[in-house]
Amino acid sequence: MAACARKVGILFDFDGTIGDTEISAMEVAYWGLAPYFPNIKPEDLGGKEMAEWIRDNCGKPFGEMAEDVDKERAQVGLEPLDELRKNRKEDPAVLSVVNDARERCGLKTIDALREAGEEIEDLWEQSRGEFELALAKLARPCPGVVELLDFLREEKIPFCIATTSPKPRVPISITAADLETYFPADKVHSGESDFVPSRFKPDPSVYLKAANAEGLFPEDCIAFEDSESGVGSAANAGVGMIIGYVGASHIPLDEKTRHAEKLIDTKKSEQERGADIVVWDIRDSIPLIEAFIERRRKDEMGPHIGQFPPMVLDKIEKKAVINKFPEVPKLADGFEPLPEEFAMR
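Residues numbered from 1 in each chain as written. Predicted model: local features only at pLDDT ≥ 70, side-chain atom pairs only at ≥ 80, totals over all residues. Heavy atoms only, no water.

Asks: Looking at this model, I keep getting lost on the packing of helix α7 (residues 123-138) against helix α9 (residues 169-176). Mind explaining?
Replies: Helix packing geometry: the angle between the two helix axes and the distance between the axes. Direction vectors running N to C along α7 and α9 enclose 15°, while the axes themselves pass 8 Å from each other. Considering their axes alone, α7 and α9 lie roughly parallel with respect to each other. Note that α7 runs across α9; the crossing there is right-handed. In this structure, α7 contributes F131, E132, L135 and A136 to the contact, and α9 contributes R169, I172, S173 and A176. In the contact of α7 with α9, the residues fall into five nonpolar, one polar and two charged. (Axes fitted to C-alpha atoms, helices over the stretch in contact; angles between N-to-C directions. Helix = DSSP H or I, 4+ residues; strand = E, 2+ residues; numbered from the N terminus. Parallel < 35°, antiparallel > 145°, perpendicular 65-115°, else oblique. Left-handed = near helix turned anticlockwise from the far one by under 90°. Contact = heavy atoms within 4.5 Å. Nonpolar A, V, L, I, M, F, W, Y, C, P; charged D, E, K, R; others polar.)

See the structure below:
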């Protein structure tokens, strides 16, 4: 590969992109909120209903999911979930199904937590610890990730993580997935944990922080994302190229094309910019990375995907969806500036 006059780097989302963690994390979130779904029937829990809920909520922070449940409850005249939980008035039949599912996830039942006095008043705080317990056992790398990271190392291309997910949840998952040598603590940037108050995607802050930490300009970076809010965050940060990814296990095979199109068509950023391309196999991004570096070596600006030689796209072995109308990368101006301590040194 040709020497690069400009420093170029890779900024990865974590859940569902580097770590195949979304199913485990989202199942914990689902069963944490299930007792409070408005008018839910025990026989409807799990299965197809859970799969659809996970698909629709992947990429959202737990607090946002809980707010959505509260809005749905308010629409049908039900009390807030915190009030129902505090008074322990959950439907016993629903709770029975939830408790069985929690045990399958390696978690204590709600009844056991209450009997031991271990239930935490704040549901988000309770769920945070349960996410960590589940992921410590279940987190794995997404297919092909190690090969991609080895390529980046060999080519001396810097990379790090830019995630909404909190610490220590992400480091716990990194350890469980045996990725510690690739992502030591200083390579993990969290929108929830690194900012006060937290800054969740599509806010661009975590991408800007990650780029600055690597001594990179956003336009010289490639972002990898599996969610619409993540694509919006990278777009708002003015990242040079956004590669969507649908190869993790939380996206069913028959939903991958639909999900890829959502990543391209998303309106989550200020300029409504979507992913430039979406790949099924993360290793298929290697020729895209090489082509991006070559263009930045010549100081050519984005959008890049439409300017790659045809042979670059011919190297993609699995399926991919290309954005036919890519937008020029541009830093959004409708967000709080990055705190001074995170500015590029």
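Asks: When you look at unusual backbone geometry in this model, what are you seeing that I'm missing?
Replies: Glycine aside, negative phi is the norm for most residues, and most peptide bonds take the trans geometry. The peptide bond linking K201 to P202 adopts the cis configuration, its omega dihedral lying at 15°. Within the secondary structure, P202 is located in the loop between β3 (188-190) and α10 (205-213). Here the residue pair G302 and P303 is connected by a cis peptide bond, since its omega of 5° sits within 30 degrees of zero. As for its position among the elements, P303 is in the loop between α13 (286-297) and α14 (310-314).

Asks: Just to check I follow, could you spell out the packing of helix α1 (residues 22-33) against α7 for this structure?
Replies: At a minimum axis separation of 9 Å, α1 and α7 run at an interaxial angle of 145°. Classified by chirality, the crossing of α7 by α1 is right-handed. Residues S24, A25, V28, A29, G32 and L33 of α1 form the contact with α7, whose participating residues are L123, E130, F131, A134, L135 and L138. In the contact of α1 with α7, the residues fall into nine nonpolar, two polar and one charged.

Asks: Explain the nonpolar core here, please?
Replies: A general trend in soluble globular proteins is that nonpolar side chains are found buried together. Counting 40 residues, the largest nonpolar core has F12, L149, L152, F183, L288 and I289 as the members making the most contacts within it. Elements supplying a minimum of two residues to this core: β1 (9-12), α8 (145-154), β2 (159-163), α9, β4 (221-225), β5 (241-245), β6 (277-279) and α13. The greatest single-element share of this core, amounting to six residues, is contributed by α13. Beyond its immediate stretch of four places on either side in the chain, L152 contacts I10, F12, I157, F159 and I289. In terms of nonpolar packing, the next biggest core, distinct from the first, is built from 33 residues, A25, L45, C58 and V94 among them. (Core = buried A, V, L, I, M, F, W, Y, C linked by side-chain atoms within 4.5 Å. Buried < 20%, exposed > 50% of the residue type's maximum accessible area, 1.4 Å probe, protein only.)

Asks: Quick question: what am I supposed to make of the environment of D13 here?
Replies: Tracing the chain through its elements places D13 in the loop between β1 and α1. Along the chain, D13 and I161 lie 148 residues apart, while their C-alpha atoms are 5.7 Å from each other. Those residues in contact with D13 that lie beyond four places of it in its chain are I18, A162, T163, K201, Y207, F224, E225 and D226. Polar side-chain contacts of D13 include one of 3.2 Å to the side chain of T17. (Polar contact = N/O pair within 3.5 Å; in protein donor to acceptor, adjacent residues only side chain to side chain.)

Asks: Got a minute to help me understand the sheet that holds strand β7 (residues 320-322) in this structure?
Replies: The strands making up a sheet associate through backbone hydrogen bonding, with each pair oriented either parallel or antiparallel. Taken in spatial order, the seven strands of this open sheet run β3-β2-β1-β4-β5-β6-β7, and their pairing is mixed. What marks the edges here is a single partner per strand, and that holds for β3 and β7. Between one strand axis and the next, the sheet turns by 20° as a mean value, whatever way the strands run. Strand direction decides the pairing type here: β6 and β7, joined by three bridges, are antiparallel. Considered in β7, the bridge of V278 is made with V321. Strands β1, β2 and β4 of the sheet are contacted by α8, whose axis makes an angle of about 150° with β1. (Pairing = 2+ DSSP bridges.)

Asks: Just to check I follow, could you spell out the pattern of salt bridges for this structure?
Replies: Two side chains with opposite charge may pair up if their charged atoms get near one another. Scanning the entire structure with this criterion turns up 27 salt bridges. The structure contains a network of salt bridges with shared partners spanning R55, D56, E255 and R258. (Salt bridge = Lys/Arg side-chain N within 4 Å of Asp/Glu carboxyl O.)

No statement about biological role is implied by the geometric values presented.
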